[in-house]
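# Coordinate analysis (summary)
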Amino acid sequence: MNRCTLDGMTGSPAPADPALAFPFVGGRPCLDFVATLGKRHATPLERIPDAGALARWFTEAELTAADTPARVTARELTDARLLREALYGLVRAAMAGQRPDPADVERVNAVAAQPDLAPQLGPVRWTARTPARAALSTVARDAVLLVRGPLLERVKECENPDCSLLFLDDSQARRRRWCSMDRCGNLAKIAGYRSRSRAASGR
């Protein structure tokens, strides 16, 4: 269990609303970070409403240690949200084979150019002078590598119309349709069962 302080700057407790829990179904850090804004096609769901929530995401994404969560400032929270939307625009444009917005490219490149997390041997996986900004740089670099690499063709959007999560399809047949079977896949199965039941009862 992750241990986070509760001062709003270095961490926050897990949210009471399950919808605000961070989904880690993308298969890449950049896609998981994009998922901190949910339901993009409906009423957007902000999962990092404050600096503490962003610090908690860094911890749950294993970009900072649970016993030393990153300190996140209000400015870093704003920058993180701007980066998130630039990442989303960049990936969606790449998926569609379109030219990305130059502003998105500029923002992602600027963050990716900053010092990122340095891997460490031992109980501490990463180190950085400014953990929050280094974590964001690591996420931005991951996005650059994804859109410039061969795995881009495996990136999909969940087929649940109420879900906007992006994920890397690593299934052998490349037929994955849902962000997660525990999330939207299960909902689709339930909806299909109810539809068949109604059709059978109407005969």
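You'll find the structure just up there.
Here goes a summary of the coordinates provided. This one's a predicted model, so the numbers in the text were calculated from it and none came from an experiment.

### Examining the overall build of the chain
- Counting its secondary structure elements, the chain contains six helices and six strands.
- Each helix and strand of the chain, placed in order from N terminus to C terminus, yields the pattern α-β-β-α-α-α-β-β-α-β-β-α.
- Expressed as a percentage of its 203 residues, the buried residues of the chain come to 40%.
- Taking contacts inside the chain between residues at least 6 apart in sequence as the whole, the part at least 24 apart equals 59%.
- Accessible surface computed for the chain: about 11,600 Å², of which carbon and sulfur atoms make up 54%.

### With respect to the packing of aromatic side chains
- For the structure on display, the rule yields three aromatic pairs.
- Here F24 and W57 contribute two aromatic rings whose centre-to-centre distance is 6.1 Å and whose plane-to-plane angle is 20°, an arrangement assigned as stacked. A residue pair is termed long-range when its members are at least 10 positions apart, and F24 in the segment before α1 (29–34) and W57 in helix α2 (residues 51–60) qualify at 33 residues.
- For W57, a relative accessible area of 1% puts it in the buried group.
- Seen from their ring centres, W57 and F58 are 6.0 Å apart, and the 70° between their planes marks the pair as edge-to-face. The residues W57 and F58 share a single accessibility class, namely buried.
- In textbook terms, an aromatic cluster arises when at least three aromatic residues are bridged by ring pairs, as seen for F24, F33, W57 and F58.
- Seen from the ring of Y88, R40 lies directly overhead, with NZ or CZ sitting 4.0 Å from the centre.

### A word on the state of the cysteines
- As enumerated under the stated definition, the model contains zero disulfides in all.
- Cysteine C158 remains unbridged, with the sulfur of C184 as its closest cysteine sulfur at 3.7 Å.
- Using a relative accessible area of 6% as the deciding quantity, one classes C184 as buried.

### Describing the nonpolar core
- With 40 residues, the main nonpolar core has L31, F33, L54, F58, L83, L87 and V155 as its most contacted residues.
- Breaking this core down by element, the ones donating at least two residues are α1, α2, α3 (74–95), α4 (102–112), α5 (131–147) and β6 (166–168).
- Per-element tally for this core: the top contributor is α5, with nine residues.
- L31 has contacts with G26, V91, L146, V155, L166, F167 and L168, leaving out every residue within four places of it along the chain.
- With nine residues, the next largest nonpolar core counts V25, A35, W178 and C184 among its residues.

### A closer look at the side chain of D32
- Note that D32 resides in helix α1.
- Buried charge without a salt bridge: D32, with R176 as the nearest opposite-charge side chain at an N-O distance of 8.2 Å.
- Apart from the residues within four sequence positions on either side, D32 is in contact with P23, F24, V25, G26, G27 and W57.

### Remarks on the pattern of salt bridges
- All told, the structure shown has 15 salt bridges when counted by the stated rule.
- Its salt-bridge partner being E62, residue R125 comes within 2.6 Å of it at the nearest N-O pair. Here the residue R125 occupies a position in the loop between β3 (118–119) and β4 (126–127), and E62 occupies one in the loop between α2 and α3, the gap between them amounting to 63 residues.
- Here R125 falls in the partly exposed class, since its relative accessible area comes to 45%.
- Relative accessible area serves as the criterion here: at 47%, E62 is assigned to the partly exposed category.
- Here E76 makes a salt bridge to R133, at a shortest N to O gap of 3.7 Å. Of the two residues, E76 is situated in helix α3 and R133 in helix α5; the sequence distance between them amounts to 57 residues.
- A network of salt bridges, in which partner residues are shared, links R40, E46, R81, R84 and E85.

Rules behind the numbers
- Numbers given for residues are sequential positions, taken from 1 along each chain in its written order.
- Local features in a predicted model are, by the rule used here, given only for residues with pLDDT of at least 70; side-chain atom pairs are given and counted only at 80 or more, and totals for whole chains, interfaces and linings are based on all residues.
- To get the side-chain values, take all heavy atoms of the structure and skip hydrogens and water.
- Secondary structure is summarised from DSSP: a helix means a run of H or I of at least four residues, a strand means a run of E of at least two, and numbering begins at the N terminus for each.
- Burial here depends on accessible area, computed with a 1.4 Å probe over protein chains only, as a share of the maximum for the residue type. Under 20% is buried, over 50% is exposed, and the range in between is partly exposed.
- Any two residues whose heavy atoms approach within 4.5 Å at even a single point are treated as in contact.
- Only the protein chains shown count as cover for residues, and all accessible areas are computed by the Shrake-Rupley method using a 1.4 Å probe.
- Between the rings of Phe, Tyr and Trp (Trp by its six-membered ring), a pair exists once the centres lie within 6.5 Å; its type follows the angle of the planes, with under 30 degrees stacked, over 60 edge-to-face, and the other angles tilted.
- Two thresholds decide whether a charge sits over a ring: the Lys NZ or Arg CZ must be within 6 Å of the ring centre and within 35 degrees of the ring normal.
- Two cysteine sulfurs form a disulfide in these notes if their separation is within 2.5 Å.
- To form a nonpolar core, buried Ala, Val, Leu, Ile, Met, Phe, Trp, Tyr and Cys residues must be joined to one another through side-chain atoms within 4.5 Å.
- Note that His is not counted, nor are the chain ends; the positive residues are Lys and Arg, and the negative ones are Asp and Glu.
- Salt bridges are identified by distance alone: a Lys or Arg side-chain nitrogen within 4 Å of an Asp or Glu carboxyl oxygen.

Distances and angles like these do not, on their own, reveal function.
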